[in-house]
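Per-entry structural report
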Amino acid sequence: MPPTLASLVHHSALKLTVRAGKERLDTPVRWVHASELTDPVPYMEGGELLLITALKLDAEDADAMRRYVKRLVGAGVAGLGFAVGVHYEKIPEALADAAAEEGLPLLEVPRRTPFLAISKAVSAAIAADRYRAVTAGFAAQRELTRQALSDGPEGLLTALASQVDGWAALYDASGAVVATAPDWAGRRAARITEHVERLRDRPAPASSVVGGEPADGTDGEDRIELHSLGTGRRARGALAVGTASALGTAERYAVHSAIALLTLVTERSRSLYAAEQRIGAAVLRMLLAGQPDHARGVAGDLYGGLLDAPYRMMLAEAASASAGRARAGGGAGAGEVDVAGVEAASAVLAETGGDLVGGFVEVAEAAAARSGEAVLVVPDGERRLVVLAADGGAVVTACTRYAHTVGIARSGSEQGTDEDELVVGVSAPAGPVAAGAAYKQAEQALSVARRRGRVLVEHEEVATGSVVPLLADDAVRAFADGLLRALHEHDATGRGDLVASLRAWLSRHGQWDAAAVDLGVHRHTLRYRMRRVEEILGRSLDDPDVRMELWLALKATASATASAGA
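1. Overview of the overall build of the protein
- Broken down by element type, the protein carries 20 helices and 15 strands.
- Counting every position in the protein, which comprises 566 residues, the buried fraction comes to 42%.
- Partitioning the intrachain contacts of the protein with sequence separation of at least 6 by distance along the chain shows that 64% fall at a separation of at least 24.

2. Overview of the sheet that holds strand E2 (residues 31–34)
- The five strands are arranged E1-E5-E4-E3-E2 in an open sheet whose pairing can be described as mixed. Edge positions in the sheet fall to strand E1 (17–20) and E2, since each of these pairs with one other strand and no more. Averaged over neighbouring strand pairs, the angle between their axes works out to 30 degrees when direction is ignored.
- Note: E2 against strand E3 (residues 48–52), four bridges, orientation parallel. Residue pairing for E3: Ala34 is matched across the bridge by Leu51.
- Where helix H4 (residues 115–164) meets the sheet, it contacts E2, E3, strand E4 (79–83) and strand E5 (106–109), and its direction lies at approximately 160 degrees from that of E2.

3. Considering the confidence of the model for the protein
- In the predicted model, the protein carries a mean pLDDT of 83, and the fraction of residues at 70 or more is 85%.
- The low-confidence segment residues 212–219 (pLDDT under 50) makes 13 contacts with residues lying over four places distant or belonging to another chain.
- Within the model, pLDDT remains below 50 along residues 322–342, and this stretch shows 22 contacts once partners closer than five positions in the same chain are excluded.

4. Considering the side chain of Arg312
- Mapped onto the elements of the fold, Arg312 is located in strand E11 (residues 311–319).
- Of the polar contacts made by the side chain of Arg312, one reaches the side chain of Asp391; its length is 2.9 Å.
- Reaching out from Arg312, the side chain makes a polar contact with the side chain of Glu460 at a distance of 3.0 Å.

5. Overview of the sheet that holds strand E13 (residues 384–390)
- With mixed pairing, five strands are arranged side by side in an open sheet as E12-E13-E11-E14-E15. Strands at the two margins of the open sheet, each flanked by one partner only, are strand E12 (375–379) and strand E15 (456–458). Strand-to-strand twist of the sheet, defined as the mean angle between neighbouring strand axes without regard to direction, takes the value 15 degrees.
- In this structure, E11 lies alongside strand E14 (residues 421–426), joined through six bridges in antiparallel fashion. Directly across from Met314, in E14, lies its bridge partner Val426.
- In this fold helix H14 (residues 435–452) packs onto E11, E13, E14 and E15, with an angle of close to 40 degrees to the strand it touches most, E11.

6. Re the environment of Arg547
- Looking at the element boundaries, Arg547 is found in helix H20 (residues 544–565).
- For the pair formed by Arg547 and Gly510, sequence separation is 37 residues and the distance between their alpha carbons is 9.7 Å.

7. Details of unusual backbone geometry
- Of the consecutive residues Ala181 and Pro182, the connecting peptide bond is found in the cis state with omega at -10 degrees.
- Inspection of the secondary structure puts Pro182 in the loop between strand E7 (177–181) and helix H5 (186–191).
- Positioned with a positive phi, Lys15 is a non-glycine residue whose angle comes to about 60 degrees.
- With respect to the helices, strands and loops of the structure, Lys15 is situated in the loop between helix H1 (5–9) and E1.
- Residues other than glycine seldom take positive phi values, yet His509 does so here, at roughly 55 degrees.
- Counting through the fold element by element, His509 comes out in the loop between helix H17 (498–507) and helix H18 (512–519).

8. Re the pairing of E7
- Here strand E6 (residues 167–172) runs beside E7; their pairing, made up of four bridges, is antiparallel. Looking at the pairing, Tyr171 lines up with Val177 of E7.
- Remark: four residues form the turn of the hairpin made by E6 and E7, two consecutive strands paired antiparallel; Gly175 in that turn has positive phi of roughly 95 degrees.

9. Quick notes on helix H3 (residues 93–102)
- Those residues of H3 that fall on the buried side of the exposure criterion are Ala94, Leu95, Ala96, Ala98 and Ala99.
- Tucked inside the fold, the buried residues of H3 contact E1, helix H2 (62–74), E4 and E5.

10. What to know about the packing of H17 against helix H19 (residues 523–537)
- As a packed pair, H17 and H19 sit with axes 10 Å apart at the nearest point and diverge in direction by 105 degrees. By the angle class used here, H17 and H19 are roughly perpendicular. Mapping the contact onto sequence places Leu498, Ser501, Leu502 and Trp505 in H17 and Leu526, Arg529, Met530, Arg532, Val533 and Ile536 in H19.
- Partitioning the contact of H17 with H19 into residue classes produces seven nonpolar, one polar and two charged.

11. Points about the packing of H17 against H18
- Where H17 meets H18, the axes come as close as 8 Å, and the angle between the chain directions of the two elements is 135 degrees. In terms of orientation, H17 and H18 fall into the oblique class. For the crossing formed where H17 meets H18, the hand is right-handed. Across the interface between the two elements, Ala500, Ser501, Ala504 and Trp505 from H17 touch Trp512, Ala515 and Leu519 from H18.

Criteria and thresholds
- Residues numbered from 1 in each chain as written.
- Predicted model: local features only at pLDDT ≥ 70, side-chain atom pairs only at ≥ 80, totals over all residues.
- Heavy atoms only, no water.
- Helix = DSSP H or I, 4+ residues; strand = E, 2+ residues; numbered from the N terminus.
- Buried < 20%, exposed > 50% of the residue type's maximum accessible area, 1.4 Å probe, protein only.
- Contact = heavy atoms within 4.5 Å.
- Pairing = 2+ DSSP bridges.
- Axes fitted to C-alpha atoms, helices over the stretch in contact; angles between N-to-C directions.
- pLDDT = per-residue confidence, 0-100.
- Polar contact = N/O pair within 3.5 Å; in protein donor to acceptor, adjacent residues only side chain to side chain.
- Parallel < 35°, antiparallel > 145°, perpendicular 65-115°, else oblique.
- Nonpolar A, V, L, I, M, F, W, Y, C, P; charged D, E, K, R; others polar.
- Left-handed = near helix turned anticlockwise from the far one by under 90°.

Below you can see the structure in the form of structure tokens.
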């Protein structure tokens, strides 16, 4: 505790006597200042014990003393010490009455007590208080470190909440609550996530003070301090500390120690992260090489749990924005754009700084940290990465939601942007023995996503859907146009309708009567047209490969015509 007026009064060597303001003796004293100015207020900061001898004051003028005392109270002066036996044998009644009227503590200083003795006493008390605070801070640091090593962030938060006599909460990089202490603080921590998100948007390190919800059973509000965690440009998390009043020096030491320890926990060293990536890369290579037992042995506790249940393999890469738009027809699809949704999604993606693949990694790792799931993230070249995550788990859900957000933002983006876009392919659920197949599935889904201008495609969507959308590739359309060009040129002269007749005949599996009925012609007419098709193309319709190629060509050109009409 800092020195107070009461502690000075009880100091046996000072012999101070209270003449007014007894009810305010618990006022802390920040410093001692001696001044004989008639108006010392411009030189005061507040919280001082002002010592005077009334050398230049008319201490017996009641009006002058009322104005003098009122000025001191307005400046936040802690108390007034008056030395008797110098210019006045006792404190003038005008000054004592003015002090009593304003509630300003007035202390009588005997002649044998020099002002220097009072200054030394206050200075020594302040130094002792700071020493106690530093000692308590070091003790808190040791306790926080012990809890962090034994029980992790949860134990550290519990110790911190006890140190500050309040509550504490840890947030991840996305602003979600990771842990709280005590348990009842969870609801309070969730109410200030908006403030945490604003703090996250500021360059680290950053801090702020906000008001929380009223404490249970009280009318006041918690005082909540927010501090960002991490050493990089972007915060890796945040710490919230809620207390009933402002933190003292010892509590401040404890909070700063907690910030340092949590930063070490959340901001892993580069060497550790690189080592984990090397292990992850080795595990992935063994899985793809068909060595699941060796992969499980290398994974150990780090990734071992991931290989004991079905997982999804995701391939994410940065694709050329212009290429994606060209394949997708210049946009995210027809229909009206949800402007509000686009703005919200764009705000989320702005936090990635344009690095959508990096944002994908952060989302995956943040979801894994919150849920306790294992996740394997391995770079696969300069612009691609492989992610293994539990099927149906929090990581896959978070990554899918992130891809959806990217898609919404893309739907409202300007056509001329040259920034790379995110493309993700997701395999079907697989186990360790099927890692190679899962990788091929993810590659196939990624290829389809690229071709369709989609952000994310799951392999089940490709496997259970129609083959027709796959014909939307430019190379397939060029092949179809070349194969059918001669027939279209024949029909353009008005000498027959060979293309429509071929389509009807193939759709009826070569049944002459049924196809002729569909066309409204005699079956002999249809036979003649099919012979002309064979003559013009130089191919036999008895060959199943020829029929297949012609049918796919017809579907591809029909798909292109439908897209152009839309």
